[in-house]
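# Results of the structural survey
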Amino acid sequence: MPPLHRLAPPLRCLRLANSTFQRSAFPRPTPPAFFRAHQPRGQHTEAAPTTSASSVDHSPQSQPDRPQSKITYTADSYPNLKRDSRFKEVTADDVAFFREVLGSDNAIIDGVTKDASDDLEAFNSDWMKKYRGQCKVVLKPDTTEQVSRILKYCNENLLPVNPQGGNTGLVGGSVPVFDEVVLNLSRMNSIHSFDEVSGILVADAGVILQAADDHVAEKGYIFPLDLGAKGSCQIGGNVATNAGGLRLLRYGSMHGNILGLEAVLPDGTIVDDLCTLRKNNTGYDLKQLFIGGEGSIGIITKISILCPQRSPAVNVAYFGLSSYAKVQQAFREAKIQLSEILSAFELMDSQSQALYARASGARLPLESPHPFYCLIETSGSNTDHDSEKLTTFLEHVMGEEIVADGVVADNESQLQSLWACREGISEASQHFGGVYKYDLSIPLPDLYSLVEECRERFQSNGLMSDTDESKPVFDVVGYGHMGDSNLHLNVAVRRYEKEVEKALEPWVYEWVAQRKGSISAEHGLGLAKKEFIQYSRSETMVGLMKQLKKVYDPNGIMNPYKYI
Ligand code: FAD
Ligand code: MLT
Ligand code: ZN
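Residues numbered from 1 in each chain as written. Chains lettered and ligands numbered in written order. Predicted model: local features only at pLDDT ≥ 70, side-chain atom pairs only at ≥ 80, totals over all residues. Heavy atoms only, no water.

## Details of the site of ligand 2
- Near ligand 2 the following residues occur: Leu170, Arg422, Ser426, Lys437, Tyr479, His481, His488, Glu522 and His523.
- Contacts to ligand 2 include Lys437, whose side-chain N or O atom sits 2.4 Å from an oxygen atom.
- Partitioned by chemical class, the residues of the shell around ligand 2 number 2 nonpolar, 4 polar and 3 charged. (Near = heavy atom within 4 Å. Polar contact = N/O pair within 3.5 Å; in protein donor to acceptor, adjacent residues only side chain to side chain. Nonpolar A, V, L, I, M, F, W, Y, C, P; charged D, E, K, R; others polar.)

## Focus on the nonpolar core
- One finds Phe98, Leu201 and Phe223 to be the most contacted residues of the largest nonpolar core, which totals 70 residues.
- It is helix 5 (residues 144-156) that provides the largest number of residues to this core, a total of 5 residues.
- Phe345, Val508, Trp511 and Val512 belong to the second-largest nonpolar core, a separate cluster that totals 58 residues. (Core = buried A, V, L, I, M, F, W, Y, C linked by side-chain atoms within 4.5 Å. Buried < 20%, exposed > 50% of the residue type's maximum accessible area, 1.4 Å probe, protein only. Helix = DSSP H or I, 4+ residues; strand = E, 2+ residues; numbered from the N terminus.)

## A word on the packing of aromatic side chains
- Inspection of every chain in the model, using the stated rule, returns 20 aromatic pairs.
- Aromatic pair Phe98 and Tyr153: ring centres 5.6 Å apart, planes at 75°, arrangement edge-to-face. Here Tyr153 lies in helix 5 and Phe98 lies in helix 3 (residues 92-102), a separation of 55 residues in the sequence.
- The exposure class assigned to Phe98 is buried, which follows from its relative accessible area of 0%.
- For Tyr153, a relative accessible area of 15% puts it in the buried group.
- Clustering of aromatic rings is evident, with ring pairs tying together Tyr438, Tyr509, Phe532 and Tyr535.
- Note that Arg132 overlies the ring of Tyr73, its terminal NZ or CZ placed 4.2 Å from the centroid.
- In this structure, Lys498 packs its charged tip against the face of Tyr78, placed 5.5 Å from the ring centre. (Phe/Tyr/Trp six-rings, centres within 6.5 Å; stacked < 30°, edge-to-face > 60°. Lys NZ or Arg CZ within 6 Å of the ring centre and 35° of its normal.)

## Quick word on the sheet that holds strand 9 (residues 258-264)
- Strand order in the open sheet formed by 5 strands is 7-8-11-9-10, with antiparallel pairing between adjacent strands. One side of each edge strand has no neighbouring strand; the edge strands of this open sheet are strand 7 (191-195) and strand 10 (270-273). Pairs of neighbouring strands in the sheet enclose a mean axial angle of 10°, with direction left out of account.
- Bridging between strand 9 and strand 11 (residues 299-306) involves 6 bridges; their strand directions are antiparallel. (Pairing = 2+ DSSP bridges. Axes fitted to C-alpha atoms, helices over the stretch in contact; angles between N-to-C directions.)

## Considering the environment of Val491
- For Val491, the location among the structural elements is in strand 18 (residues 486-493).
- Measuring from C-alpha to C-alpha, the distance between Val491 and Arg455 comes to 8.9 Å, with 36 residues separating the pair along the chain.

## Quick word on a nonpolar patch on the surface
- Judged by side-chain polarity, Tyr284, Leu286, Leu289 and Leu548 come together as a nonpolar surface patch covering roughly 410 Å² of accessible area.
- By secondary structure assignment, the location of Tyr284 is in the loop between strand 10 and helix 10 (287-290).
- In this structure Tyr284 comes out as exposed when scored by relative accessible area, which is 76%. (Patch = residues over 30% accessible without salt bridge, like charges linked within 9 Å, V, L, I, M, F, W, Y side chains within 5 Å. Areas by Shrake-Rupley, 256 points an atom, 1.4 Å probe, with all protein chains shown as cover. Salt bridge = Lys/Arg side-chain N within 4 Å of Asp/Glu carboxyl O.)

## Quick look at the site of ligand 1
- Surrounding ligand 1, one finds 37 residues, the nearest of these being Pro163, Gly165, Gly166, Thr168 and Gly169.
- Residue Asn167 places a main-chain N or O atom 2.8 Å away from an oxygen atom belonging to ligand 1.
- Between Gln234 and ligand 1, the recorded distance is 2.8 Å, taken from a backbone N or O atom to an oxygen atom.
- Within the complex, the protein chains bury 97% of what would otherwise be the 970 Å² of accessible surface of ligand 1.
- Only strand 5 (161-164), helix 7 (235-241) and strand 11 provide two or more residues apiece to the shell around ligand 1.
- The leading source of residues in the shell around ligand 1 is helix 7, at 4 residues.
- A class-by-class count of the residues in the shell around ligand 1 yields 12 nonpolar, 23 polar and 2 charged.

## Brief notes about the pattern of salt bridges
- Under the definition given, this model contains 25 salt bridges.
- Residues Glu469 and Arg494 are paired through a salt bridge, measuring 3.9 Å at the closest nitrogen-oxygen approach. With a gap of 25 residues between them, Glu469 in the loop between helix 16 (449-460) and strand 17 (473-481) and Arg494 in the loop between strand 18 and helix 17 (498-504) connect regions that are remote in the sequence.
- Put simply, Glu501 and Lys498 hold a salt bridge, and the shortest N to O gap is 3.4 Å. In this pair, Glu501 and Lys498 are both assigned in helix 17, 3 residues apart and thus about one turn of the helix distant.
- Classification of Lys498 as partly exposed rests on a relative accessible area of 43%.

## A short note on helix 13 (residues 383-399)
- Taking 1.5 Å of rise per residue, 17 residues should cover 24 Å, and helix 13 covers 24 Å from first to last C-alpha, within 8% of that figure.
- Burial in helix 13 covers these residues: Thr383, Asp386, Ser387, Lys389, Leu390, Thr391, Phe393, Leu394, Val397 and Met398.
- Two to three positions downstream of the cap, the backbone nitrogen of Asp384 sits 3.1 Å from a side-chain oxygen, assigning the N-cap of helix 13 to Asn382. (Expected span 1.5 Å × (residues − 1).)

## Things to note about the sheet that holds strand 4 (residues 137-139)
- The strand order across the open sheet formed by 4 strands is 3-4-6-5, and the pairing between neighbours is mixed. Of all the strands in the sheet, just strand 3 (108-110) and strand 5 have a single pairing partner and so form its edges. Each strand axis lies, on average, 20° off the axis of its neighbour in the sheet, ignoring direction.
- Where strand 3 lies against strand 4, 3 bridges are found, and the strand directions are antiparallel. Bridge assignment links Ile108 to a residue of strand 4, and that residue is Leu139.
- Contacts from helix 3 reach strand 3 and strand 4, with the element oriented near 160° to strand 3. (Contact = heavy atoms within 4.5 Å.)

Structure representation (structure tokens):
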């Protein structure tokens with residue numbers, strides 16, 4: 001049996017380089033003077049293979065308990081939104097039709113002919129506990145034909161429909177605003193095929209991301225997307241939001257990896273484009289409209305996706321840095337020196353790490369605080385080669401004083417602890433009550449200035465304090481996918497208040513537009529950014545989107561009241 005890990009060069013190499021990597025938060029390894037590269041994937045025995053990000057469950061169930069009945073109805077927090085009077089309300093006859101199509105009591109939550117308020121609540125409210133709809137019926141089809149019959153019926157009867165996957169979306173797109181019918185994909189969860197030679201997976205839209213990744217992992221492949229909500233989000237939801245996640249830097253976006261899909265249009269037409277070819281230049285690539293379309297033109301029912309080979313050698317390092325300028329230097333060096341094995345470069349500011357430690361009770365990996373932290377992951381096929389590259393890189397960034405301090409994971413559990421410091425920020429941000437989230441693409445030189453300016457704004461307007469409970473804002477934190485120029489600006493609050501929102505919007509969007517950034521890098525627009533699309537898209541582009549929406553969904557029943 002091959003060794004489970006290989007010892008990397010001795011610590012003294014790094015001492016020569018002017019500083020030391022400490023293992024303060026971790027038990028000291030044997031022998032203590034060595035760094036050990038992470039054991040090859042698939043060969044460890046202590047835990048089942050996971051994606052290399054943390055296995056901590058950041059799914060909806062694991063967040064602090066706040067009664068859903070306390071969440072304000074979206075209709076009340078957005079008083080300008082009016083229910084479209086063209087739409088019919090769901091009646092007992094409609095429910096009878098849905099029941100007949102679905103053929104199983106488990107496939108419908110009926111709050112029309114009886115009181116099902118408690119059962120409906122989880123489908124009406126979102127992960128952030130910020131948006132709350134008032135739907136009375138949830139449908140859970142298990143075949144494409146059922147989806148087709150339901151949509152055709154809803155279209156003919158002007159019943160609006162809210163497509164829903166794992167309900168982990170962060171922009172209010174996954175839950176209804178008023179009484180839209182929720183069509184939840186959770187029962188469409190079969191994997192149809194996986195080709196071990198090409199790495200092409202064909203699966204239902206309702207397959208949970210973690211399950212899809214576990215399936216391909218058994219054959220030595222990796223699903224080309226990973227994110228903190230992987231235990232709950234569905235691959236159809238991932239495609240519908242064009243989710244980015246932790247390794248877009250390495251594997252690219254859904255627009256590139258999705259080879260084909262099957263979807264159902266509002267009139268019941270089944271869009272049969274479940275192509276499994278890498279190359280297919282035959283006219284318009286219509287599937288792209290469903291990728292990132294956020295359920296606005298149809299329901300994705302199946303996908304075909306190209307999965308890359310899973311890397312047997314994975315390393316994770318966590319650094320402390322003294323300035324954002326040093327973070328940029330470290331990223332540049334990582335690209336130069338780690339090049340093809342670099343699989344993630346994530347940024348966290350000191351506030352985000354302090355918030356994570358405070359909310360989770362976890363100890364941070366480095367003893368003393370630093371203004372910035374980076375998490376770097378390498379994934380390659382040759383442990384010796386990767387360790388050599390990583391060591392050279394570490395020596396360089398330490399020697400040049402780009403990085404002030406750092407640790408390298410020694411084993412699977414340390415690797416997961418390091419990833420948890422990054423992935424745990426989402427949950428920590430809303431731990432004290434709620435969070436205003438901004439997911440932005442900003443050119444790298446300017447990326448962090450927005451967080452600083454935002455913090456100054458709340459310091460001077462008197463709305464922020466980490467001790468005074470009367471202040472709505474708890475803290476302002478910045479983190480994100482540095483490798484993709486994607487900043488997450490989170491304003492952690494004790495409660496949602498309009499005054500806070502007014503201080504942030506449209507200021508954040510104007511700031512981003514002035515720097516030619518995007519107001520949504522990866523989370524989408526949903527309801528949260530409905531009013532702000534013009535900061536990232538010209539009138540012409542929005543006009544073209546509206547035309548397309550009309551072609552596919554002339555009655556406007558698909559996910560109404562959202563961005564389009
Ligand atoms: P939902 O939340 O149910 O729906 C999202 C949108 O897609 C809605 O508009 C819905 O109508 C539509 N939709 C869902 N399924 C379908 C379908 N089958 N057909 C048509 N439309 C559909 N996002 C990232 O991009 N990167 C991250 O790193 C990331 N990390 C996250 C971490 C945490 C802890 C959480 C809670 C969320 C995170 N997200 C991230 C956001 C979210 O997980 C993603 O947007 C995810 O892709 C949503 O999938 P879902 O199945 O939960 O979809
Ligand atoms: C992340 O990168 O952690 C996700 O996009 C979720 C978030 O911003 O909370
Ligand atoms: Zn993200």
